Amino acid sequence: MPSDDVLSWGRVLRARHAVARPQWRDELAALLAEGTEGGHGLLAIGLRRSYGDSGLNPDGAVVDMTALDRAIAFDPAKRLLRAEAGMSLDTVLKLLVPRGFFLPVTPGTRFVTLGGAIANDVHGKNHHRTGTFGRWVRRLGLLRSDGSSAELAPDDDSGLFASTIGGLGLTGVIAWAEVEVMPITSALMDVQTIPFGDLDEFFAIAAESDGTFDYTVAWIDCLATGSALGSGVFSRGNHAASGPLTIEKARQWPSLPIDLPRFVFNGATVRAFNALYHWNGRRKAGRATIPYGPFFYPLDAIGGWNRMYGKHGLYQYQSVVPPEAARDATRAMLVAIAAAGEGSFLAVLKTFGDKPSPGMLSFPMLGTTLALDFANRGASTLALMERLDAIVRESGGRLYPAKDGRIPPEMFRIGYPNWGNFSRHVDPGFSSSFWRRVGL
Amino acid sequence: MKVIILGATSAIAQATARLYAAEGAELLLVGRQAERLAAIADDLRLRGAARADTAVRDLADSGDAAATFAGFVETLGGVDHVLLAYGILGDQKTAERDPALAERGFRVNFISSAGWTLAVAEALEQQRRGSLVVLGSVAGDRGRRANYIYGAAKAGLATLIEGIAHRWAGRGPRAVVVKPGPVITPMTEGFASRKGLMWAAPETVAAIVRRAADRGGPVVYAPWFWRWIMLIIRLLPASIFNRLDI
């Protein structure tokens, strides 16, 4: 069915797609044959949490995988869960937690599909311990437009597994996946919240925490300037040793049913939000034991929070820079943002560890990652991101395709030196707006 | 809790089965396609079902329904709830000119469904307890040019259930017809726009189906507001109704 309402989480690009929503794995082959005929090819999509255009295929076809959400098998002894690729991580956790298991890697929202988590090789607050999601994929089923289907494992030496992990859905449709999960003894998290005054303090706390805490992340006040530049709140935690293995009924605020008007999001509200966050960080400073939901997924409590940014949508900008450049580059980016007055509600800073990412296009690498969101104000927002690009490039860093809707092709290719090798594994019947921008 | 689902691959049946699975129920899934039934059964077991068995059967054929259903009950070791959820929408315009197609619609949506319904009713009557829930449709409440062949069959099924519920009034077993409005399922794939308040998700209808097995009257609308919309539509005089394109 043709549809105008396929949007990514950033809601900037509005385009027309031919949409199919299969209910059964046995329907995929026929949909692939049909959908890859057109000039713009096909792309499998999930819960549309990618921010930019990597999950969009304007004027082409998309296969919405979210109805393929069935569990296939679970082996508690081998810790292997196999499920259809459209299953959300929310559902995965509902299956795992009561059995005493957890996702080894989870991004900041549980409303992504397994297929999406693989195609973007997502990371979490425990990257320094466990690496990316793709490191835990033991097997996956991939359907290609030539009618073939392959069962791929990490030992695959054709390059198809390594290009499918983090491959932005361009190597075919991931029909199902088997992931290794990890044991937990409690659904609760032991959490510590530590306010910090500047970037040096952040790096000190991060260095000290990485050895003893499985999960670390910080929120940065990107409106702060001068001596307060880089102040924020550090959060670190571990799975609690004891406690119930129950799914907390998540506290759910009503979804945003509409796009908020432009005037709601302005300097004053961002300042107010940041002040509140600071205050809340100081208030909560110290230790606490809390359910896993609010620790991992604070934003999931507000359905459709992206609509807060109004009808023009938002851009995310997530970079990673190598350790040696981390301090200077992070400082330079915060200075540029504060100078532009384009504050971000949620600026998130985290150090990545040295676990190699398995995908040819995987984003995470050793260093420091900064994630920002900006309301789309057109030219001024794009100009700010260009200034940030220059800092990231100079530092030898790169940007996260799952968040991107505007990266210059040259910057993508420099950041991902494997892109040429990757492109040989791209299924000729598959495409996306992102790929047409940067890869072709 | 032992549950038999006739037409287990339908979207509403699958969503309802997940609710039963979360309660730890034992399920028998009946339908035509073995592989699809097996995929559902695997999923339900991991979602908490104490048991999920499958039986392959083309339900459009209700010959020997009583003996076959007795076999289902024996497989499961008893039965508490039965959900009859299969049906086909068919293309109204084509069916108007193609008697074979119209007849197939009647066979699937009424004749065979009625056969199974009567067989289930006998079984529940004998054990003096249990719930039979069948999926009807708001299309059965008043014939409309858009879908009266489908609607006529669903109207027949609803009347049958009302009668069985009347027969059981004040006694143990329950018979309920759940009448959904438009639902976003493969059955309605191809409808121009499936957005807005009139369109329900299968999960919404499933929650109503699950509740209907335990309590409430013999005719349940899903969601509830269709009761009042359909009341108005039924009460409209033909002079007005005929001018509406609904």
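Conventions used here
- Residues numbered from 1 in each chain as written.
- Chains lettered and ligands numbered in written order.
- Predicted model: local features only at pLDDT ≥ 70, side-chain atom pairs only at ≥ 80, totals over all residues.
- Helix = DSSP H or I, 4+ residues; strand = E, 2+ residues; numbered from the N terminus.
- Rg over C-alpha atoms; globule rule 2.2 N^0.38 Å.
- Buried ≥ 20, exposed ≤ 12 C-beta atoms within 10 Å, placed from the backbone.
- Contact = placed C-beta atoms within 7 Å.
- Core = buried A, V, L, I, M, F, W, Y, C linked by C-beta atoms within 7 Å.
- Nonpolar A, V, L, I, M, F, W, Y, C, P; charged D, E, K, R; others polar.
- Pairing = 2+ DSSP bridges.
- Axes fitted to C-alpha atoms, helices over the stretch in contact; angles between N-to-C directions.
- Right-handed = clockwise from strand over helix to strand, strands pointing away.
- Expected span 1.5 Å × (residues − 1).
- Bend = angle between axes of the 7 residues up to and from the residue.
- Parallel < 35°, antiparallel > 145°, perpendicular 65-115°, else oblique.
- Domains from an automatic or database assignment.
- pLDDT = per-residue confidence, 0-100.
- Left-handed = near helix turned anticlockwise from the far one by under 90°.

A. Region of interest: the overall build of chain A. Across its full length, chain A carries 13 helices and 19 strands. Relative to the 2.2 N^0.38 estimate, which gives 22 Å for 440 residues, the radius of gyration of chain A is 21 Å and therefore close to what a compact globule would have. Seen along its three principal axes, the alpha-carbon backbone of chain A occupies a region of about 60 × 50 × 45 Å. Within the span of chain A, comprising 440 residues, buried residues form 51% of the whole. Put simply, 76% of the contacts in chain A that link residues at least 6 apart link residues at least 24 apart.

B. Fine view of the nonpolar core. Core analysis: the largest hydrophobic core is formed by 120 residues, its most contacted members being A:V92, A:L96, A:I118, A:I174 and A:A177. Sorting elements by how many residues they give to this core places strand β10 (residues 173–180) of chain A first, with six residues. Ignoring any residue separated from it by four or fewer positions in sequence, one finds A:A177 in contact with A:A83, A:A85, A:L114, A:G115, A:I118, A:V137 and A:L140. Counting 74 residues, the second largest nonpolar core, distinct from the first, contains B:A65, B:A95, B:I149 and B:V178.

C. Summary view of the interface of chain B and chain A. The partner chain A presents ten residues to the ten residues of chain B that form the contact. Of the residues forming the side of chain B that touches chain A, the biggest block, six residues, is contributed by helix α2 (residues 34–46) of chain B. Of the residues in the side of chain B that touches chain A, the class split is four nonpolar, one polar and five charged.

D. Seen up close, the sheet that holds strand β8 (residues 137–143) of chain A. Residues and elements named next belong to chain A. Spatially, β5-β6-β10-β8-β9 is the arrangement adopted by the five strands of the open sheet, whose pairing is antiparallel. A strand with exactly one partner marks an edge of an open sheet, and here the two such strands are β5 (71–75) and β9 (149–152). Within the sheet, the average angular offset between the axes of one strand and its neighbour, ignoring direction, is 10°. With five bridges connecting them, strand β6 (residues 80–84) and β10 associate as antiparallel partners. Looking at β10, one finds that L80 is bridged to E180.

E. Broad picture of the sheet that holds strand β1 (residues 2–6) of chain B. All names here are of chain B. Across the sheet, seven strands lie side by side as β3-β2-β1-β4-β5-β6-β7; this open sheet has parallel pairing. Taken across any chain shown, the strands that pair with only one partner, and hence form the sheet edges, are β3 (51–56) and β7 (219–222). Mean inter-strand twist for the sheet, computed between neighbouring axes without regard to direction, equals 20°. The sheet contact formed by strand β6 (residues 174–180) and β7 spans four bridges and is parallel. Pairing of K179 across the sheet is with Y221, part of β7. Lying on the sheet, helix α6 (residues 148–167) is in contact with β5 (131–135), β6 and β7; it crosses β6 at an angle near 150°.

F. Fine view of the pairing of β6(B). Residues and elements named next belong to chain B. Of all seven residues making up β6, seven are buried, and the element is well covered by its neighbours. Judged by which residues are buried, β6 turns out to be covered on both faces: R174, V176, V178 and P180 on one side and A175, V177 and K179 on the other are all buried. Bridging between β5 and β6 involves five bridges; their strand directions are parallel. From the neighbouring strand, V134 faces β6, where its bridge partner is V177. For the handedness criterion, the β-α-β arrangement of β5, α6 and β6 is classed as right-handed.

G. The arrangement of helix α5 (residues 99–127) of chain B in detail. Residues and elements named next belong to chain B. For α5, with 29 residues, the first-to-last C-alpha span of 40 Å sits near the 42 Å given by 1.5 Å per residue. Where α5 bends most, at R107, the angle is about 45°. Where α5 ends, the next residue or the one after it, R128, has phi of about 60°, a positive value.

H. Spotlight on the packing of α5(B) against α6(B). Residue and element names in this part refer to chain B. At a minimum axis distance of 8 Å, the contact between α5 and α6 shows a crossing angle of 10°. Judged on the interaxial angle alone, α6 and α5 are roughly parallel. Between α5, through A102, G105, F106, N109, F110, S113, A114, T117 and A121, and α6, the contact on the second element is made entirely by I149, Y150, A153, K154, G156, L157, L160, I161 and I164. A class-by-class count of the residues in the contact of α5 with α6 yields twelve nonpolar, five polar and one charged.

I. Just helix α7 (residues 202–212) of chain B, in detail. All buried positions along α7(B) are accounted for by B:P202, B:V205, B:A206, B:I208, B:V209, B:R210 and B:A212. Where α7(B) is buried, its residues contact α1 (11–22), β4 (81–84), β5, β6 and β7 of chain B.

J. Highlighting the environment of A:T66. All names here are of chain A. Mapped onto the elements, T66 comes out in the loop between β4 (61–64) and β5. Looking at T66, the number of C-beta atoms within 10 Å reads 19, which means it is partly exposed. Between the C-alpha atoms of T66 and T113, which are 47 residues apart in sequence, the distance is 7.5 Å. Beyond its immediate stretch of four places on either side in the chain, T66 contacts G46, L47, G86 and T113.

K. Region of the structure containing the domain arrangement of chain A. Residues and elements named next belong to chain A. By the assigned domains, chain A splits into domain 1 (2–64), domain 2 (71–184) and domain 3 (188–415). Placing a centre on the C-alpha atoms of domain 1 and another on those of domain 3 gives a separation of 28 Å. Listed per partner, the contact involves ten residues of domain 1 and eleven residues of domain 3. Of the residues assigned to the side of domain 1 that touches domain 3, the class counts are four nonpolar, four polar and two charged.

L. Spatial organisation of the confidence of the model for chain B. Summing up the model confidence of chain B, the mean pLDDT is 95 and the portion of residues at 70 or higher is 100%. Among the prediction metrics, the complex's ipTM stands at 0.89, with pTM recorded as 0.92.

M. Local environment of the packing of helix α3 (residues 65–76) of chain B against α5(B). All names here are of chain B. Interaxial distance between α3 and α5 falls to 9 Å at its minimum, and their mutual angle equals 55°. Classified by the angle between their axes, α3 and α5 sit oblique to one another. Considering how the two elements wind past one another, α3 and α5 form a crossing that is right-handed. In this structure, α3 contributes A65, A66, F69, A70 and V73 to the contact, and α5 contributes G115, W116, A119, V120, E122 and A123. When its residues are assigned to classes, the contact of α3 with α5 shows nine nonpolar, one polar and one charged.

N. A look at the environment of B:I111. All names here are of chain B. Looking at the element boundaries, I111 is found in helix α5. For I111, a count of 16 C-beta atoms within 10 Å gives the class partly exposed. As for I111 and D61, which are separated by 50 residues in sequence, their C-alpha atoms are 9.0 Å apart.

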